[in-house]
Amino acid sequence: MAAPDTAKKKLFIKTWGCQMNVYDSKRMADILSPLGYQETDSPDQADMMILNTCHIREKATDKVFSELGRLREHKEEREKVGGKVMIAVAGCVAQAEGDFILERAPYVDMVFGPQTYHELPEMVLKANGNERVINTDFPAVSKFDLLPDEHKSQGVSAFLSIQEGCDKFCTFCVVPYTRGAEYSRTAAEILHEARRLIENGAKEITLLGQNVNAFHGEGPDGKVWGLGRLIRTLADMDGLERIRYTTSHPRDMDDDLIAAHGEVAKLMPFLHLPVQSGSDKILKAMNRKHTADDYRAVIEKLRAARPDIAFSSDFIIGFPGETDQDFEDSLQLVRDVRYASCYSFKYSARPGTPAANMQNLVHDRIASERLIRFQQLINEQQIAFNQSCVGKTLGILFDRKGKKDGQLLGRSPYNQSVHAFAKDRLMNHIVEVEITGGFENSLTGEVLKI
Ligand code: 5AD
Ligand code: SF4
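1. Things to note about the site of ligand 2
Close to ligand 2 lie C166, K168, F169, C170, F172, C173, V175, P176, N211, H249 and R288, which account for all nearby residues. Residue classes in the shell around ligand 2 are distributed as seven nonpolar, two polar and two charged.

2. Here we look at the site of ligand 1
The environment of ligand 1 is made up of I56, R57, F172, Q276, D314, I316, F345, K346, Y347, S348 and R350. One nitrogen or oxygen atom from the side chain of Q276 is found 2.6 Å from an oxygen atom belonging to ligand 1. Here an oxygen atom of ligand 1 and a side-chain polar atom of D314 are 2.6 Å apart. In isolation ligand 1 offers 410 Å² of accessible surface; the protein chains occlude 89% of this area. Listing elements by their share of the shell around ligand 1, those giving two or more residues are strand 15 (310-317) and strand 16 (341-346). A class-by-class count of the residues in the shell around ligand 1 yields five nonpolar, two polar and four charged.

3. A short note on the domain arrangement of the protein
Looking at the protein, the domain boundaries give domain 1 (9-135), domain 2 (143-316 + 331-337) and domain 3 (393-447). When the area that domain 1 buries against domain 2 is broken down by residue, the three leading residues are M20, Y23 and R27, summing to 33%. Between domain 1 and domain 2 we count one salt bridge in total. Taking the shortest distance from any N to any O, the salt bridge between R179 and D24 comes out at 2.9 Å. In this structure, the connection of domain 1 to domain 2 is made through five residue pairs in polar contact (both at pLDDT 80 or more). For the side of domain 1 that touches domain 2, the secondary structure elements donating two or more residues are helix 1 (19-32) and helix 3 (91-104). Of all the elements, helix 1 adds the most residues to the side of domain 1 that touches domain 2, at eleven residues.

4. Some remarks on the pattern of salt bridges
Counted under the stated rule, the structure contains 32 salt bridges. Close ionic contact of K84 with D109 constitutes a salt bridge, the shortest N to O distance being 3.6 Å. Here K84, found in the loop between helix 2 (60-80) and strand 4 (86-90), pairs with D109, found in the loop between helix 3 and strand 5 (110-112); they are 25 residues apart in sequence, far enough to count as distant. K84 sits in the partly exposed class, given a relative accessible area of 30%. The exposure class of D109 is buried, given its relative accessible area of 10%. Of the charged contacts in the structure, one is a salt bridge between K281 and D326, with a shortest N-O distance of 2.7 Å.

5. Side note on helix 11 (residues 324-337)
Under the 1.5 Å per step criterion, the end-to-end length of helix 11 is 20 Å for 14 residues, consistent within 8% with the ideal 20 Å. Along helix 11, the positions that sit buried rather than exposed are D326, F327, S330, L331, L333, V334 and V337. Summarising the axial view, the buried residues of helix 11 lie within an arc of 155°, below the 170-degree limit, and thus occupy one face. The exposed residues of helix 11 that point more than 90 degrees off its buried face are D324 and Q325. On its buried face, helix 11 is in contact with helix 9 (280-285), helix 10 (292-305), strand 15 and helix 12 (364-388). Residue R338 follows helix 11 closely and has a positive phi angle near 60°.

6. Thoughts on the packing of helix 6 (residues 187-199) against helix 7 (residues 227-235)
As a packed pair, helix 6 and helix 7 sit with axes 11 Å apart at the nearest point and diverge in direction by 35°. The element helix 6 and its partner helix 7 pack so that their crossing is right-handed. Here A187, I190, L191 and A194 of helix 6 come into contact with helix 7, specifically with L230, T233 and L234. Within the contact of helix 6 with helix 7, the residues separate by chemical class into six nonpolar, one polar and no charged.

Parameters at a glance
Residues numbered from 1 in each chain as written. Chains lettered and ligands numbered in written order. Predicted model: local features only at pLDDT ≥ 70, side-chain atom pairs only at ≥ 80, totals over all residues. Heavy atoms only, no water. Near = heavy atom within 4 Å. Nonpolar A, V, L, I, M, F, W, Y, C, P; charged D, E, K, R; others polar. Polar contact = N/O pair within 3.5 Å; in protein donor to acceptor, adjacent residues only side chain to side chain. Areas by Shrake-Rupley, 256 points an atom, 1.4 Å probe, with all protein chains shown as cover. Helix = DSSP H or I, 4+ residues; strand = E, 2+ residues; numbered from the N terminus. Domains from an automatic or database assignment. Buried area = accessible area lost by both parts, 1.4 Å probe. Salt bridge = Lys/Arg side-chain N within 4 Å of Asp/Glu carboxyl O. Buried < 20%, exposed > 50% of the residue type's maximum accessible area, 1.4 Å probe, protein only. Expected span 1.5 Å × (residues − 1). Arc of directions from axis to C-beta. Contact = heavy atoms within 4.5 Å. Axes fitted to C-alpha atoms, helices over the stretch in contact; angles between N-to-C directions. Left-handed = near helix turned anticlockwise from the far one by under 90°.

This is the structure we're talking about:
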């Protein structure tokens, strides 16, 4: 019997932004697979093209429109020779600017936000009938209840979304508006999905959420579980060897979660804990609801629980009202914590957020100069941390081929990229590697036993 026509359709998804978006893109592919869509790396042959967008920092919308311009050419070329090509804009830019996108880009067929992509089959049906679709509601029923149970293999290192949205309302941030209110999945759902991922080859699971350590999902016992409890339960699963979670808020690092870092060997000794600023005045203006010393205290507690733990963070440079002294306070916090790696961003006003109305803006030239100084310090710390690993033996989870022939690339417990010459059969295994070189963005090592 001839394969149905639908089996030939190709799906191209381009993903920007955080790991939540990476997870959402994978789930979109899972939903579209029964409709006959197979993923492709190139838009050239695609029958459906989805841009999964991020709105967190500046120029997000410009980037989307410039990419749409390219996709439009593919669509028009393909449609000249017959057939239909659909273009969809998904994610947080779609959520925030859906109407504007449909108005400015008449060739876009579907616009939907992060909370409605489980309705893709209905949307595709409508768009096939030449109806333009916009779907940016926050539905009463969570998408997680409606997503298919089928998961394509994510490989040895998998993402699992456990929590979504945010009620913290930091004054610079669009997330509470684009992703909606904080919501935790139930522990039963999460454990089920973890089992499926492990059956499909996952040895490492990264638990995801905009505010992952605010997780408060219902447990099988009817009680509310925190993240520490969830991690302890996941750690009992055979086949799972590594657990990570991201992104966390300092205020939600409760004692049980901190204790889990000392007690659960499978929980990796690396934590991304954004602080945004080292100045109490700026932290207040950001509505972070903690001081720089509160953050230092959390770091200290985590180090007491797990002495080899390493940290990364996000900082915003040039937030309205940031003086030279406030900036120095951020540098001082970095010196005190000694990060393994760190992200820093020049502040950009996001429309609709409270900070966008603040008057005391930092001149762009000053913000740029501060950003350069800040990144110099961060780079020094990152190299120092990577070099401190030289001579140590670390378990490396090899998950891809390296650039050089015969090399594999993997991740250390501290999430560093590690290159080593290794037999292909070591792919997807955690292997003892002696670290021989530490550089700005990666390590090199030698496999100890084969
Ligand atoms: N300007 C600059 N950086 C921002 N971030 C979030 N919103 C803004 C903004 N308006 C940064 C924060 C956050 C990271 C994901 O992006 O540091 O932790
Ligand atoms: Fe945005 Fe703040 Fe929520 Fe993080 S905690 S997602 S920065 S509002």
